[in-house]
Amino acid sequence: MVEVRFEGVTKRYEDGTEAVIDLDLTVNDGEFLVLVGPSGCGKSTSLRMLAGLEDVTEGKILIDGNVVNDLPPGARDVGMVFQSYALYPHMTVSDNLSFGLRMQKGEARLSDSEIATRVTEAAELLGLSEHLTKKPKELSGGQRQRVALGRALVRRPKVLLMDEPLSNLDAELRNQMRTEIRRLHDELGTTTVYVTHDQIEAMTLADRIAIMNDGVLQQHAPPLTAYNQPANDFVKGFLCKHIDEIVDTAAKLFEER
Ligand SMILES: Nc1ncnc2c1ncn2[C@@H]1O[C@H](COP(=O)(O)OP(=O)(O)O)[C@@H](O)[C@H]1O
Ligand SMILES: [Mg+2]
């Protein structure tokens, strides 16, 4: 059971910017939540506070029932995937996948055979088995992003966090990876928070979406509920902008599932 909760969370940066204002949000165990909204609305800040990369100004963040406000990122058991996936260019895919595990010290340290098992598993899950001895420059963009995803998954994190992970990929690859990320989620069931500014990604990936604007949560609901019963004019305008494209993509994805 890994539930994530934001309780009255506000983030005020040193320059006075209120990036997130009084956020109350619960992500259920095993849920795929997409945080969506226009650029600058506070999505990354929310995710970074959850990961421990930014301090919380006010309020509490709970993972699995424990307040994590004062825990460093490494102690939170979250895996994170970013838009810029920054693989180690001189290391093989296999070494990139195992690097984080090999760096763990003390009690957290896994045996070499456990590390090897996890790498093999992640590679199979992500279709990377044949590429384990390659260097990142020999891979396509999609394969590189899969390695980045694998690097987060080998830790078997309690919570998986992704911040615009597909933004650097072309449209076709983005579609393909979107399907794959959802399939992975259905297979692993890890509680996931996924950030995007892209309505289509949000509508097609999420169990529920949390729509933000100017640091304020506007609506938290399943995609179709938000679409059919938008909480306000902002949500209505935001979700309807690309509706034809959303419906087409969703139809295609559901066919594939
Ligand atoms: N380190 C920072 N210092 C001051 N303001 C910041 C900082 N990082 C982000 N912001 C501001 O906080 C707001 C939310 O940013 P962010 O969470 O990155 O939005 P999003 O991910 O939705 O595009 C924006 O106004 C942004 O300019
Ligand atoms: Mg962002």
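Described in the following lines is the structure provided in the data block. Small disclaimer: the values here were computed from a predicted structure and weren't measured.

The rules behind these values
Residues numbered from 1 in each chain as written. Chains lettered and ligands numbered in written order. Predicted model: local features only at pLDDT ≥ 70, side-chain atom pairs only at ≥ 80, totals over all residues. Heavy atoms only, no water. Near = heavy atom within 4 Å. Polar contact = N/O pair within 3.5 Å; in protein donor to acceptor, adjacent residues only side chain to side chain. Helix = DSSP H or I, 4+ residues; strand = E, 2+ residues; numbered from the N terminus. Nonpolar A, V, L, I, M, F, W, Y, C, P; charged D, E, K, R; others polar. Expected span 1.5 Å × (residues − 1). Buried < 20%, exposed > 50% of the residue type's maximum accessible area, 1.4 Å probe, protein only. Pairing = 2+ DSSP bridges. Contact = heavy atoms within 4.5 Å. Axes fitted to C-alpha atoms, helices over the stretch in contact; angles between N-to-C directions.

**Some remarks on the site of ligand 1**
Phase 1 of the analysis: Around ligand 1, a shell composed of Tyr-13, Asp-15, Thr-17, Ala-19, Pro-38, Ser-39, Gly-40, Cys-41, Gly-42, Lys-43, Ser-44 and Thr-45 is seen.
Phase 2 of the analysis: Residue Cys-41 places a main-chain N or O atom 3.2 Å away from an oxygen atom belonging to ligand 1.
Phase 3 of the analysis: Top contributing element to the shell around ligand 1 by residue count: helix H1 (residues 43-51), with 3 residues.
Phase 4 of the analysis: Per-class residue counts for the shell around ligand 1 are 4 nonpolar, 6 polar and 2 charged.

**Details of helix H5 (residues 171-188)**
Phase 1 of the analysis: Counted at 1.5 Å a residue, the expected span for H5 with its 18 residues is 26 Å, and the 26 Å between its end C-alpha atoms agrees.
Phase 2 of the analysis: Residues of H5 that are buried include every one of Leu-173, Met-177, Arg-178, Glu-180, Ile-181, Arg-182, Leu-184 and His-185, and no others.
Phase 3 of the analysis: Trailing H5 by a residue or two, Gly-189 shows a phi angle of about 70°, which is positive.

**As for the sheet that holds strand E2 (residues 18-27)**
Phase 1 of the analysis: Taken in spatial order, the 4 strands of this open sheet run E2-E1-E4-E5, and their pairing is antiparallel. Taken across any chain shown, the strands that pair with only one partner, and hence form the sheet edges, are E2 and strand E5 (66-67).
Phase 2 of the analysis: Looking at chain direction, strand E4 (residues 58-63) and E5 are connected through 2 bridges and run antiparallel. Bridged to Ile-63 within E5 is Asn-66.
Phase 3 of the analysis: Helix-sheet contacts for H1 involve strand E1 (4-12), E2 and E4, and the interaxial angle to E1 is about 115°.

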